[in-house]
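Residue strings, one per chain:
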Amino acid sequence: QVHLVESGGGLVQAGGSLRLSCAASGRTFSNYAMGWFRQAPGKEREFVSAISWSGGTTYYADSVKGRFTISRDNAKNTVYLQMNSLKPEDTAVYYCAADSKRYPLSREGRKYDYWGQGTQVTVSS
């Protein structure tokens, strides 16, 4: 079992930045690939970014590529999502998720085993 807690969300103006953190507890963090997903009101959950257990491989949704950066610190059991040049369309609840299968790194939410409770990100225009 892995327990995930997101933090770092908030209200920011368009063009601003936020850094989300997801702290994991329970099983060995480095055994898990990690992902970030988001869900806006009235929309389906969508993939944002993912990082392999070692940090050596990362994926991004086209909508955030070049603006968001995912990283992890296995010593601190934490994964981060640095979000720059935020846009109003980035407004959503952001969730981190853990995948116990190291390979392949997935963009599909259904492949992830554990989820955090989410943190709200609101970008004003």
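Within any chain, residue numbers begin from 1 and follow the written order of that chain's sequence. This being a predicted model, a pLDDT of at least 70 is required before a residue's local features are given, and a value of 80 or more before pairs of side-chain atoms are given or counted; all residues contribute to the totals for chains, interfaces and linings. Neither water nor hydrogens contribute to the side-chain values; these are computed over all heavy atoms in the structure.

## A closer look at the environment of Trp36
Step number 1: Runs of E in the DSSP output that reach at least two residues are strands. Runs of H or I that reach at least four are helices, and both are numbered from the N terminus. By secondary structure assignment, the location of Trp36 is in strand β4 (residues 33-39).
Step number 2: When its relative accessible area of 0% is taken as the criterion, Trp36 is described as buried.
Step number 3: Along the chain, Trp36 and Ser49 lie 13 residues apart, while their C-alpha atoms are 5.2 Å from each other. Under the scheme applied here, a residue whose accessible area is under 20% of the maximum for its type counts as buried, over 50% as exposed, and between as partly exposed, the area being computed with a 1.4 Å probe on protein chains only.

## Description of the sheet that holds strand β3 (residues 18-26)
Step number 1: Pairing between two strands requires that DSSP report at least two bridges joining them. The strand order across the open sheet formed by four strands is β1-β3-β8-β7, and the pairing between neighbours is antiparallel. A strand with exactly one partner marks an edge of an open sheet, and here the two such strands are β1 (2-7) and β7 (68-73). Here the average twist between neighbouring strands, direction ignored, is 15°.
Step number 2: When β1 meets β3, the two strands line up antiparallel, connected through six bridges. Within β3, the position partnered with Val2 by the bridge is Gly26. Fitted lines through C-alpha atoms serve as axes, helices being fitted only where they are in contact, and the angles separating the N-to-C directions of these axes extend from 0 to 180 degrees.

## Details of the pattern of salt bridges
Close approach of charged atoms lets side chains of opposite charge pair.
Step number 1: Salt bridges are counted wherever a side-chain nitrogen of Lys or Arg sits within 4 Å of a carboxyl oxygen of Asp or Glu. Counted by the stated rule, this structure contains eight salt bridges.
Step number 2: Residues Lys101 and Asp99 are paired through a salt bridge, measuring 2.9 Å at the closest nitrogen-oxygen approach.
Step number 3: Classification of Lys101 as partly exposed rests on a relative accessible area of 37%.
Step number 4: Given the relative accessible area of 1%, Asp99 is considered buried.
Step number 5: Each of Arg38, Glu46, Arg67 and Asp90 takes part in a single network of salt bridges with overlapping partners.

## A look at the state of the cysteines
Each disulfide consists of one covalent bond between the sulfur atoms belonging to two cysteines.
Step number 1: The definition used for a disulfide is geometric: two cysteine sulfur atoms within 2.5 Å. Evaluation of the coordinates by the stated rule reveals one disulfide.
Step number 2: With its sulfur 1.9 Å from that of its partner, Cys22 forms a disulfide with Cys96. Linking Cys22 and Cys96, the disulfide has an S-S dihedral of approximately 45° and is accordingly described as right-handed. Here Cys22 is found in strand β3, whereas its partner Cys96 is found in strand β9 (residues 92-99), with 74 residues between them in sequence. For the pair Cys22 and Cys96, one class covers both residues: buried.

## Some points on the nonpolar core
Step number 1: Membership of the largest hydrophobic core comes to 37 residues, with the highest contact counts inside it found for Leu4, Met34, Trp36, Leu81, Met83 and Tyr94.
Step number 2: Mapped onto this core, the elements with two or more residues apiece are β1, β3, β4, β5 (46-51), β7, β8 (78-83), β9 and β11 (119-124).
Step number 3: Ranked by residues supplied to this core, first place goes to β9 with five residues.
Step number 4: When near neighbours in sequence (up to four residues on either side) are disregarded, Met34 contacts Leu4, Cys22, Phe29, Ser49, Ala50, Ile51, Ile70, Arg72, Val79, Ala97, Ala98 and Tyr112. By convention a nonpolar core is built from buried Ala, Val, Leu, Ile, Met, Phe, Trp, Tyr and Cys residues, the set being connected through side-chain atoms within 4.5 Å. Residue contacts are counted whenever heavy atoms from the two residues lie within 4.5 Å of one another.

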